[in-house]
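Letter by letter, the chains look like this.
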Amino acid sequence: MRRTGVTARGIIMPIFKTGDDLPALISQGVWEASQQEGFALHDQDIVAVTEAVVARAQGNYATCQQIAQSIRSQMKGDVLGLVFPILSRNRFSILLKAMAMAAKKVVIQLSYPCDEVGNGLLSWDLVEEKEVDPWRDSYTEEEFRSVFGRQTVHPFTGVDYIEYYKSFGENIEIVFSNDPRYILNFTKEVLVCSIHSRFRDQRKLQKAGATTVFRMDQVMTAPIDGSGYNETYGILGSNKATEESVKLFPRDCKAFVEKLQEELAARTGKKMEVMVYGDGGFKDPQGGIWELADPVVSPAFTSGLAGTPNELKIKYLADTEFAHLSGKELNEALRQKIREKHGSLKGEMASQGTTPRQITDLVGSLSDLVSGSGDRGTPVVLIQGYFSNYASEE
């Protein structure tokens, strides 16, 4: 009888380089880990691969000069507005350097008191203390400083992002508003830098009379002078690589996951599911930061990972329908109820409290937590038992 449910293991891998055959190396690494550490592999095991190593193997990089060229090709004038970039040295600083190269003047509009994913510029307490309405009140930098002073140092990083972002060019001006249309007071040409609200922000600007509006997922969608590119996400999901370049989000991920699935089957004899994952979709309760700075948790996955969980809430059933049972009778009644569940439990009380999210968002978040973002050396995560439940025999 099974005594464990879902397990997740970080699989230690070599340091991958551009041109490496990832499907072959990863399938070999998973198989060798199982042999050396004595755990079995099964059908429906999940192999999750971080987007960083996929992009790295592809050589999917772009320089500041190349990004600037892509931006200039979409501009008509000399003044570029940037709406709602996140506060991040890793995610945005090198992109800003490229944007400052693309225009004679750049006006950055920051949201406040925090960015789209929760990085704080100010504390909510300070905003309340100053009796400011962040949904109505907009400021130039001089006005903003007169209200809030220098209380804009990030509590975790110790960085004042206003000063930090201005350091990337003498042609940079910063303003503050949560209304994307405020930028039109300074320029009619706007690059929308938000991630998850980008389509809505673009529509608002277009309706308000912007002459040129484009998004970060429309920059570097084709190679420039041998650069990397991403047809779907552009420079969204990119990370700092060097002081002059970024690693883009990987491309052609569907072909990659299907190839890796084939390699795993050939090596292990098991049909496993495969996904590429980036940031997890979870929120830090202490800092208020929503981790998802990538455009999606998973850019590609095999067919067995499509959809949402279809689960019954054991606690609810034990307290209601089977409240009169206990011991073996209760256990068997619950197992039988699970065996008999139908294809969709949407709207049923017996499923209340289960997580209504995509399987790939849940698995990707688990993988991100297991692999970490530092020096663990585990860019591949093996998840087993994910599709099992209380009624599963094995």
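Below you will find a few notes about this structure. (Residues numbered from 1 in each chain as written. Predicted model: local features only at pLDDT ≥ 70, side-chain atom pairs only at ≥ 80, totals over all residues. Heavy atoms only, no water.)

## Points about the overall build of the chain
Selection criterion: A run of DSSP states H or I qualifies as a helix once it reaches four residues; a run of E qualifies as a strand once it reaches two. Both are numbered from the N-terminal end. Relative accessible area decides the class of each residue, using a 1.4 Å probe on protein chains only: under 20% of the type maximum gives buried, over 50% gives exposed, and in between gives partly exposed. Every residue pair with non-hydrogen atoms within 4.5 Å of one another is taken to be in contact. Using a 1.4 Å probe, accessible areas were evaluated by the Shrake-Rupley method; residue-level cover was limited to the displayed protein chains. Working convention for charge: Lys and Arg count positive, Asp and Glu count negative, and His plus the chain ends are omitted. Taken as the charge centre is NZ of Lys, CZ of Arg, CG of Asp or CD of Glu, depending on the residue.
Tallying secondary structure elements over the chain gives 12 helices and 14 strands in all. If you line up the chain on its principal axes, its C-alpha atoms span 70 × 50 × 40 Å. A burial count over the chain gives 48% of its 394 residues as buried. Intrachain contacts of the chain at a sequence separation of at least 6 include 70% that bridge at least 24 residues. Accessible area for the chain stands at about 19000 Å²; split by element, carbon and sulfur atoms hold 47% of it. Counting 44 positive and 52 negative side-chain charges, the chain places the centres of these two groups 2 Å from one another.

## Some points on a positive patch on the surface
This is how the line gets drawn: The patch calculation keeps residues exceeding 30% relative accessible area without a salt bridge and links them within 9 Å when they carry like charges or within 5 Å when they are nonpolar (Val, Leu, Ile, Met, Phe, Trp, Tyr). We define a salt bridge as a contact between a side-chain nitrogen of Lys or Arg and a carboxyl oxygen of Asp or Glu at a distance within 4 Å.
A cluster of basic residues, R200, R203, K204 and K207, forms a positive patch at the surface. Mapped onto the secondary structure, K204 falls in helix α8 (residues 198-207). When its relative accessible area of 35% is taken as the criterion, K204 is described as partly exposed.

## Quick look at the packing of aromatic side chains
Stated formally: For this analysis, a ring pair means two rings from Phe, Tyr or Trp (six-membered ring only for Trp) whose centres lie within 6.5 Å, classed as stacked if their planes differ by under 30 degrees, edge-to-face if by over 60, and tilted for the remaining angles.
Overall, the coordinates contain 15 aromatic pairs when judged by the stated rule. Here F92 and Y165 contribute two aromatic rings whose centre-to-centre distance is 5.6 Å and whose plane-to-plane angle is 55°, an arrangement assigned as tilted. With F92 in the loop between β4 (79-83) and α4 (93-102) and Y165 in helix α7 (residues 161-166), this residue pair connects regions lying 73 residues apart in the sequence. Y165 shares its class with F92; the two are buried.

## Focus: the sheet that holds strand β3 (residues 61-63)
This is how it is decided: For two strands to be treated as a pair, DSSP must find no fewer than two bridges joining them. For helices, the fitted line uses only the C-alpha atoms of the stretch in contact; every axis is such a line through C-alpha atoms, and the angle between N-to-C directions lies from 0 to 180 degrees.
The strand order β3-β11-β10 describes an open sheet built from three strands, whose pairing is antiparallel. Both outer strands of the open sheet, β3 and β10 (239-242), are each paired with one neighbouring strand and no more. Adjacent strand axes in the sheet meet at a mean angle of 35°, parallel and antiparallel pairs treated alike. Note: β10 against strand β11 (residues 245-247), three bridges, orientation antiparallel. By the bridge assignment for β11, T242 is matched with S245. Packing against the sheet, helix α2 (residues 51-58) makes contact with β3, β10 and β11, and its axis sits at approximately 120° to β11.

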